[in-house]
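So you can see what is in the structure, the chains are spelled out below.
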Amino acid sequence: MKAENLAKDIKVIILDCDGVLTDGGLYYDNEGNVIKRFNVQDGLGIKAAQACDLIIGVITGLDAKSVATRMNDLGITDYYAGHLKKMACIDEIRQKYDLEWHQLAFVGDDWVDLAPMRKVGLPIAVANAVPEVKEVALLQTEATGGNGAVREALNFIINAQGKLEGIINSIGG
């Protein structure tokens, strides 16, 4: 089935963080705190998706205060930090919203994302994903992680659901 048809049923989009919402780099300040760079266009895409009644979740292997702050700023309540094995978190989200697996999308870039991508209805790989992740993906972004890939994936889903023009007009008008 084509990715566009699968996107019509999506209710929840789960994102990896490092390499998807960020460029995958780890930056440390003088106190040893991890600093991450996020793309503002990805943030607006998340807000647009939320305005379209799509639920955004984030599961990351690292537990960094900078990520928690960004998730709070974006109103993402389904945020799980410190989880390299992501399936239990995803199943918790799925059950919380009483959804079937085909109603979930997952955006990933590395091996730790393979199990979720093999289970959800719409697996999405960012352009900088490892080859094994690209193989499993039914959609691949042109943008790399941290550089608009999340926005691109969300726009694809919103557009497939026939809501893109409306959300552009409501946000930009």
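Figured I'd write up the structure that's included with this text. (Residues numbered from 1 in each chain as written. Predicted model: local features only at pLDDT ≥ 70, side-chain atom pairs only at ≥ 80, totals over all residues. Heavy atoms only, no water.)

1. Topic: helix H2 (residues 40–51)
Taking 1.5 Å of rise per residue, 12 residues should cover 16 Å, and H2 covers 17 Å from first to last C-alpha, within 8% of that figure. Where H2 begins, the side chain of Asn 39 points an oxygen toward the backbone nitrogen of Gln 41, at a separation of 2.7 Å. Looking at the residues trailing H2, positive phi occurs at Asp 53, about 65 degrees. (Helix = DSSP H or I, 4+ residues; strand = E, 2+ residues; numbered from the N terminus. Expected span 1.5 Å × (residues − 1). Polar contact = N/O pair within 3.5 Å; in protein donor to acceptor, adjacent residues only side chain to side chain.)

2. Observations concerning the environment of Val 58
Mapped onto the elements, Val 58 comes out in strand E4 (residues 55–60). Taking the relative accessible area as the measure of exposure, Val 58 reaches 0% and is therefore buried. Those residues in contact with Val 58 that sit more than four places away from it in its chain are Leu 15, Cys 17, Leu 21, Met 71, Ile 76, Asp 78, Tyr 79 and Tyr 80. (Buried < 20%, exposed > 50% of the residue type's maximum accessible area, 1.4 Å probe, protein only. Contact = heavy atoms within 4.5 Å.)

3. A word on the side chain of Thr 60
Note on placement: Thr 60 falls in strand E4. Filtering out sequence-adjacent residues up to four positions away, Thr 60 remains in contact with Asp 16, Cys 17, Asp 18, Tyr 79, Tyr 80, Ala 81, Gly 82 and His 83.

4. Some points on the pattern of salt bridges
Summed over all chains, the structure comprises five salt bridges. With a shortest N-O distance of 2.8 Å, Lys 86 and Asp 16 are connected by a salt bridge. You can see Lys 86 sitting in the loop between strand E5 (78–81) and helix H4 (87–96) and its partner Asp 16 sitting in strand E1 (residues 12–16), a full 70 residues away along the chain. Of the two residues examined, Lys 86 and Asp 16, each falls in the buried class. Ionic pairing is found between Asp 18 and Lys 36, a salt bridge with its closest N-O pair at 2.2 Å. Taken together, the residues span a long stretch of sequence, with Asp 18 in the loop between E1 and strand E2 (27–28) and Lys 36 in the loop between strand E3 (34–35) and H2 at a distance of 18 residues. With respect to burial, Asp 18 and Lys 36 carry one shared label: buried. Linked through salt bridges whose partners overlap, the residues forming this network are Asp 16, Lys 86 and Asp 113. (Salt bridge = Lys/Arg side-chain N within 4 Å of Asp/Glu carboxyl O.)

Function-wise, these values are silent; they only describe arrangement.
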